[in-house]
Amino acid sequence: MKKVVTSEELSRTAKRVAQSKRFKSLQQRKDYVMNELPECPPLLCINELASKTRIPYQLLRRIIVEENKIPYVKISNKYYVNYNHVLRYMDELS
(Lines give C-alpha, C1' and ligand atoms only; values in the text may rest on other atoms or scores of the structure.)
Protein backbone atom coordinates (compact mmCIF):
# COMPACT_ATOMS: atom_id res chain seq x y z
CA MET A 1 0.00 0.00 0.00
CA LYS A 2 1.40 3.39 -1.02
CA LYS A 3 1.59 6.24 1.42
CA VAL A 4 -0.09 9.40 0.24
CA VAL A 5 2.10 12.46 0.68
CA THR A 6 0.34 15.75 1.10
CA SER A 7 1.65 18.94 -0.39
CA GLU A 8 2.25 20.30 3.11
CA GLU A 9 4.51 17.37 4.02
CA LEU A 10 6.34 17.69 0.73
CA SER A 11 6.84 21.42 1.31
CA ARG A 12 8.21 20.81 4.82
CA THR A 13 10.62 18.17 3.55
CA ALA A 14 11.83 20.45 0.75
CA LYS A 15 12.40 23.28 3.25
CA ARG A 16 14.35 20.95 5.55
CA VAL A 17 16.56 19.76 2.68
CA ALA A 18 17.21 23.32 1.48
CA GLN A 19 18.04 24.44 5.01
CA SER A 20 20.52 21.61 5.51
CA LYS A 21 22.19 22.44 2.17
CA ARG A 22 22.47 26.12 3.15
CA PHE A 23 23.93 25.19 6.53
CA LYS A 24 26.49 22.88 4.92
CA SER A 25 27.48 25.57 2.40
CA LEU A 26 27.78 28.17 5.15
CA GLN A 27 29.93 25.82 7.23
CA GLN A 28 32.24 25.17 4.26
CA ARG A 29 32.68 28.91 3.64
CA LYS A 30 33.35 29.52 7.32
CA ASP A 31 35.97 26.75 7.39
CA TYR A 32 37.63 28.22 4.30
CA VAL A 33 37.79 31.70 5.79
CA MET A 34 39.01 30.52 9.19
CA ASN A 35 41.57 27.96 8.03
CA GLU A 36 42.72 28.56 4.47
CA LEU A 37 42.84 32.33 3.94
CA PRO A 38 46.06 34.11 4.84
CA GLU A 39 46.03 36.16 8.00
CA CYS A 40 44.10 39.35 7.28
CA PRO A 41 44.42 42.55 9.27
CA PRO A 42 41.44 43.18 11.52
CA LEU A 43 39.40 46.09 10.19
CA LEU A 44 37.17 47.87 12.66
CA CYS A 45 34.72 50.67 12.10
CA ILE A 46 35.11 53.74 14.29
CA ASN A 47 32.21 52.67 16.55
CA GLU A 48 33.78 49.26 17.19
CA LEU A 49 37.16 50.88 17.73
CA ALA A 50 35.69 53.34 20.25
CA SER A 51 34.11 50.57 22.29
CA LYS A 52 37.21 48.37 22.11
CA THR A 53 39.72 51.07 23.06
CA ARG A 54 37.41 53.17 25.26
CA ILE A 55 38.53 56.28 23.40
CA PRO A 56 35.70 58.71 22.59
CA TYR A 57 34.18 58.36 19.13
CA GLN A 58 34.63 62.06 18.27
CA LEU A 59 38.34 61.96 19.14
CA LEU A 60 38.90 58.88 17.00
CA ARG A 61 36.97 60.41 14.10
CA ARG A 62 39.02 63.59 14.30
CA ILE A 63 42.34 61.69 14.38
CA ILE A 64 41.37 59.28 11.60
CA VAL A 65 39.19 61.27 9.20
CA GLU A 66 39.88 64.95 9.73
CA GLU A 67 43.60 64.91 10.62
CA ASN A 68 44.29 61.81 8.49
CA LYS A 69 46.88 60.44 10.94
CA ILE A 70 45.77 56.82 10.59
CA PRO A 71 45.00 55.26 7.19
CA TYR A 72 41.39 54.23 6.70
CA VAL A 73 39.01 52.76 4.14
CA LYS A 74 35.60 54.29 3.57
CA ILE A 75 32.88 51.83 2.62
CA SER A 76 29.46 53.35 2.12
CA ASN A 77 29.19 55.79 5.01
CA LYS A 78 31.50 53.96 7.45
CA TYR A 79 35.21 54.39 8.03
CA TYR A 80 37.22 51.22 8.65
CA VAL A 81 40.65 51.21 10.26
CA ASN A 82 43.29 48.53 10.63
CA TYR A 83 43.54 47.90 14.37
CA ASN A 84 47.30 47.33 14.12
CA HIS A 85 47.73 50.84 12.66
CA VAL A 86 45.84 52.29 15.61
CA LEU A 87 48.07 50.45 18.07
CA ARG A 88 51.17 51.63 16.23
CA TYR A 89 49.92 55.24 16.31
CA MET A 90 49.26 54.98 20.05
CA ASP A 91 52.80 53.64 20.59
CA GLU A 92 54.22 56.64 18.68
CA LEU A 93 52.38 59.02 21.02
CA SER A 94 53.98 57.60 24.15
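Residues numbered from 1 in each chain as written. Predicted model: local features only at pLDDT ≥ 70, side-chain atom pairs only at ≥ 80, totals over all residues. Heavy atoms only, no water.

Peer 1: Can you break down the overall build of the protein chain residue by residue, with the values?
Peer 2: Scanning the protein chain for helices and strands turns up four helices and three strands. The secondary structure elements of the protein chain, listed N-terminal to C-terminal, are α-β-α-α-β-β-α. Over its C-alpha atoms the protein chain spans a radius of gyration of 23 Å, topping by over 25% the 12 Å that the globule rule assigns to 94 residues. Based on the C-alpha atoms only, the size of the protein chain along its principal axes is roughly 80 × 30 × 20 Å. The buried share of the protein chain, taken over its 94 residues, is 18%. (Helix = DSSP H or I, 4+ residues; strand = E, 2+ residues; numbered from the N terminus. Rg over C-alpha atoms; globule rule 2.2 N^0.38 Å. Buried < 20%, exposed > 50% of the residue type's maximum accessible area, 1.4 Å probe, protein only.)

Peer 1: Lay out the pattern of salt bridges in plain terms, naming residues and giving numbers.
Peer 2: Counted according to the given criterion, the structure contains four salt bridges. In this structure, Glu 66 engages Arg 61 in a salt bridge whose closest nitrogen and oxygen atoms are separated by 3.6 Å. Residue Glu 67 pairs with Lys 69 through a salt bridge whose shortest N-O separation is 3.7 Å. Residue class for Glu 67 comes out partly exposed when judged on its relative accessible area of 38%. (Salt bridge = Lys/Arg side-chain N within 4 Å of Asp/Glu carboxyl O.)

Peer 1: Which residues make up the sheet that holds strand E1 (residues 43-45), and what values go with them?
Peer 2: If you walk across this open sheet you meet the three strands as E1-E3-E2, and the pairing is antiparallel. The outermost strands of the open sheet, each flanked by one partner alone, are E1 and strand E2 (72-75). Within this sheet the neighbouring strands show an average axis-to-axis angle of 35 degrees, counted without direction. Bridge analysis of E2 against strand E3 (residues 78-82) gives four bridges, and the strand direction is antiparallel. Its bridge partner lying in E3, Ile 75 is registered against Lys 78. Where helix H2 (residues 46-53) meets the sheet, its contacts fall on E1 and E3, and the angle it forms with E1 comes to roughly 95 degrees. Helix-sheet contacts for helix H4 (residues 83-93) involve E1 and E3, and the interaxial angle to E3 is about 65 degrees. (Pairing = 2+ DSSP bridges. Axes fitted to C-alpha atoms, helices over the stretch in contact; angles between N-to-C directions. Contact = heavy atoms within 4.5 Å.)

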